[in-house]
Every structure is written in structure tokens, then in C-alpha cells.
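# Inside the fold
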Amino acid sequence: MTLYTPILALGALAAAFAVVSVVAARVVGPSRYNRAKLEAYECGIEPTDQPVSGPHAAAGQRFPIKYYLTAMLFIVFDIEIVFLYPWAVAYDRLGVFALAEMGLFVTVVLVAYAYVWRRGGLSWD
């Protein structure tokens, strides 16, 4: 049990910091609420009370999803780095099979990148 004492102490410290931060924000922070603060906010698009029908927004224009597509691309290519880094660190112990597997993985990611690039997903017109 003595091996787990530092881990438990760090967990307790993290939990205490989280609780103290939330309580301090409630006590110190401003508590004046108005209608604008309580409304939903998503990437600068003003919310409307009109219902959305079909692929068009209430104002009659397409809903801009470029921000979300860029975020998803960032996540996909960021995950590639998450897989590449441990492979690079342990490459000398993994051998030729790991090299072939990583080559296949990088090829699949590059195909996805080429597809997105060809479709214009990386241009901000």
C-alpha cells in the first residue's frame, strides 16, 4: 500500500484544487446575469428562435460548418502524431513488422489528407 500513497496523495491534491477553484470562482466572480449571458453561443453565430428546416438555416443560408470540419481535420492529424511518437521512441525494439505497419498507417493518413486537399477542405475562401 505504501507504493500507492504518492498516487493517492496526488489524486487528493488534484481533487482539492478542483474544488477550491470552483468555490473561489463562485465567491470571487461576478454574479450579475442577464439574458445575453444565458444564451447559447457557438462560434459567433447568433442563435435564432426560428425553426431550422432541411439543410438551410433559418435566415435562408447554409449553416457554415467550415469551423467544425477544420476542427475534425485537426483532430485526425493530431491523432496521427499520437500514434507516431511512441512508435518513433520504441522503433529499435519493434523491427521490420512495425516499420511496415507504420508505413501503411502513414499511407492511409496521406490518402485522407490528399482527399481533403483535393476537395478544398483546407482552403478558406
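No experiment lies behind these values; they were computed from the predicted model shown. (Residues numbered from 1 in each chain as written. Predicted model: local features only at pLDDT ≥ 70, side-chain atom pairs only at ≥ 80, totals over all residues. Heavy atoms only, no water.)

### What to know about the UniProt feature "transmembrane region" (unreviewed entry) in the protein
- As recorded in UniProt, the sites labelled "transmembrane region" (unreviewed entry) are residues 6–28, 67–88 and 94–116.
- A helix fraction of 100% and a strand fraction of 0% characterise residues 6–28, whose end C-alpha atoms lie 32 Å from each other.
- The span residues 67–88 is 100% helical and 0% strand by assignment, and the distance between its end C-alpha atoms comes to 32 Å. (UniProt positions renumbered as here; feature names shortened; annotations may be inferred. Helix = DSSP H or I, 4+ residues; strand = E, 2+ residues; numbered from the N terminus.)

### Regarding the packing of aromatic side chains
- Enumeration according to the criterion identifies three aromatic pairs in this entry.
- Relative to Phe105, the ring of Phe83 has its centre 5.6 Å away and its plane inclined at 75°; by these criteria the two rings are edge-to-face. With Phe83 in helix α3 (residues 66–89) and Phe105 in helix α5 (residues 96–118), this residue pair connects regions lying 22 residues apart in the sequence.
- Phe83 gets classed as partly exposed once you look at its relative accessible area, which sits at 48%.
- Residue classification places Phe105 among the partly exposed positions, given a relative accessible area of 26%. (Phe/Tyr/Trp six-rings, centres within 6.5 Å; stacked < 30°, edge-to-face > 60°. Buried < 20%, exposed > 50% of the residue type's maximum accessible area, 1.4 Å probe, protein only.)

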